[in-house]
Amino acid sequence: MSGMKTLPLSLVLSALAAWLPGPAKAAAPAPAGQPAAPSGSLKTFEADGRASLKELYRGMDLLASGKAWTVETVFVDQGLPVKVLRSKRKGPAVWVIAGIHGEEPAPPNAVLQSRARLNALAVNGIPIVVFPLCNPVGYSKNWRYPDAARASEKNPGHSVGDSDHLLLGKDGKPRVPKATSPQADALTRKVLSLAKEYPPVISIDLHEDDELDKGYLYSQGPKGRADLAAKAVVARIRELGFPVMASGKTRFDEEVIDGVISDVSDGSVDELMASTRTFVNGGAVKGPSARSALVVETSSKGRPLSERVRVHSEVIVLIPELFRLAYQ
Ligand SMILES: [Zn+2]
């Protein structure tokens with residue numbers, strides 16, 4: 001974690017002090033002459049009232065048009081770009097990941113609606129990396145994966161966040177010889193390359209689950225269940241009236257204690273974010289070593305999308321505090 005010491009705490013705190021809660025400035029409109037946002041080649045699933053792909057891409061363009069941002073296309077999947085936005089200021093950073101699973105619309109919609117707050121973070125000097133929609137094909141069809149509506153025995157599907165090809169097994173070799181899909185290959189490659197310039201202090205991967213009665217949070221970083229940022233997110237979700245599992249087991253047989261699961265090796269991009277060693281170009285290298293790697297899993301069962309978007313938006317509101325807690 002020595003890399004984390006490069007940004008003095010005083011600088012972090014002064015950046016946080018510049019953060020003003022309340023309505024933030026709207027992102028600047030796209031400059032005239034900018035190419036129109038791609039509307040995508042697929043019609044967006046609309047039964048649940050989610051924003052269309054066109055609206056999501058328009059939101060990304062608006063955010064990227066602010067002076068504090070750089071935007072890049074990570075991968076183009078069936079004509080739909082996967083984009084990553086990052087602050088021009090580099091350094092130990094906040095990472096926000098949304099839309100890994102296409103049947104979970106609340107997180108990408110929350111990112112869309114939180115544009116002004118995200119912009120304010122970058123404007124106020126906090127290095128930040130945002131993946132607003134990691135799986136546009138899945139989102140457009142309400143499919144979990146680009147290649148499968150849901151995991152089944154016949155067709156397990158491939159997550160765009162699959163990272164086992166970069167994570168080390170017990171034998172010191174990668175757990176699988178190659179990425180499970182071109183989407184996962186591109187996404188995880190981009191994560192590792194950006195992590196060099198934007199080492200993650202905290203990464204927040206937003207998910208929801210319609211099979212859950214109560215939500216929970218994965219804490220993949222070195223502090224595990226003791227992670228204060230994890231506790232703060234759980235507390236906020238509870239305050240908002242969303243149920244959080246106090247203790248027990250998930251349907252994946254993971255132990256929840258006071259809303260938090262830790263010590264999970266699931267080959268996810270979140271495990272990759274927290275990993276202190278990864279396998280790249282035939283050898284083990286350091287990083288990305290996030291101090292805090294959170295996966296928010298809210299219950300979407302029986303709740304309108306607007307409420308679900310609100311709870312994820314409120315997690316984004318917490319970012320300055322989470323960034324501070326992750327340094328502790
Ligand atoms: Zn999910």
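For clarity, every value in this text was computed on a predicted model and none was experimentally measured.

1. A word on the nonpolar core
One finds Val94, Ile202, Leu217 and Leu294 to be the most contacted residues of the largest nonpolar core, which totals 85 residues. Residues in contact with Val94, not counting those within four places in the same chain, are Leu121, Ile126, Ile128, Val201, Ile202, Ile319 and Phe323.

2. Considering the packing of helix H3 (residues 106–113) against helix H9 (residues 305–317)
Interhelical geometry of H3 versus H9 gives an angle of 60 degrees and a closest axis separation of 8 Å. Taken as axis vectors, H3 and H9 run oblique relative to one another. Where H3 crosses over H9, the handedness of that crossing is right-handed. Every residue of H9 that contacts H3 at Ala106, Pro107, Asn109, Ala110 and Gln113 is listed here: Leu305, Arg308, Val309, His312, Ser313 and Ile316.

3. Thoughts on unusual backbone geometry
The residue after Gly287, namely Pro288, is reached through a cis peptide bond having omega -5 degrees. For Asn142, which is not glycine, the phi torsion reads 60 degrees and is therefore positive. Looking at where Asn142 falls in the secondary structure, it is placed in the loop between helix H5 (136–141) and helix H6 (182–197). Judged by the 17 C-beta atoms lying within 10 Å of it, Asn142 falls in the partly exposed class. For Ser289, which is not a glycine, the phi torsion comes out positive at approximately 55 degrees. Secondary-structure assignment places Ser289 in the loop between strand E11 (283–286) and strand E12 (292–299).

4. Let's talk about helix H7 (residues 228–239)
For an α-helix the count is 3.6 residues per turn, leaving residues at separations of three or four pointing the same way. The first and last C-alpha atoms of H7 sit 16 Å apart over 12 residues, in line with the 16 Å expected at 1.5 Å per residue. Of the surrounding secondary structure, the elements contacted by the buried residues of H7 are strand E5 (200–209), strand E6 (216–219), strand E9 (260–262), E12, H9 and helix H10 (319–327). Gly241, located one to two residues past H7, shows a positive phi value of around 85 degrees.

5. Structural notes on the confidence of the model for the chain
Scored by pLDDT, the chain has a mean of 90; 88% of the residues are at 70 or more. Low confidence marks residues 1–6, where pLDDT is under 50. Its contacts with residues over four positions away, or in another chain, come to 8 contacts. Confidence drops under pLDDT 50 across residues 18–37; counting only partners more than four residues distant or on other chains, this segment forms 33 contacts.

6. Here we look at the pairing of strand E3 (residues 93–98)
For E3, the tally of buried residues reaches 6 of 6 residues, placing the bulk of the element in the interior. Of the two faces of E3, the one lined by Ala93, Trp95 and Ile97 and the one lined by Val94, Val96 and Ala98 are each fully buried. As judged from the 6 bridges shared by E3 and E5, these two strands associate in the parallel manner. Bridging across to E5, Val94 finds its partner in Ile202. Examined bridge by bridge, E3 and strand E4 (residues 128–131) share 4 bridges and lie parallel to one another. Pairing of Ile97 across the sheet is with Phe131, part of E4.

7. Section: H3
Buried residues dominate H3, accounting for 7 of its 8 residues. Of all the residues in H3, the buried ones are Ala106, Pro107, Pro108, Asn109, Ala110, Val111 and Leu112.

What counts as what
- Residues numbered from 1 in each chain as written.
- Predicted model: local features only at pLDDT ≥ 70, side-chain atom pairs only at ≥ 80, totals over all residues.
- Core = buried A, V, L, I, M, F, W, Y, C linked by C-beta atoms within 7 Å.
- Buried ≥ 20, exposed ≤ 12 C-beta atoms within 10 Å, placed from the backbone.
- Contact = placed C-beta atoms within 7 Å.
- Axes fitted to C-alpha atoms, helices over the stretch in contact; angles between N-to-C directions.
- Helix = DSSP H or I, 4+ residues; strand = E, 2+ residues; numbered from the N terminus.
- Parallel < 35°, antiparallel > 145°, perpendicular 65-115°, else oblique.
- Left-handed = near helix turned anticlockwise from the far one by under 90°.
- Expected span 1.5 Å × (residues − 1).
- pLDDT = per-residue confidence, 0-100.
- Pairing = 2+ DSSP bridges.

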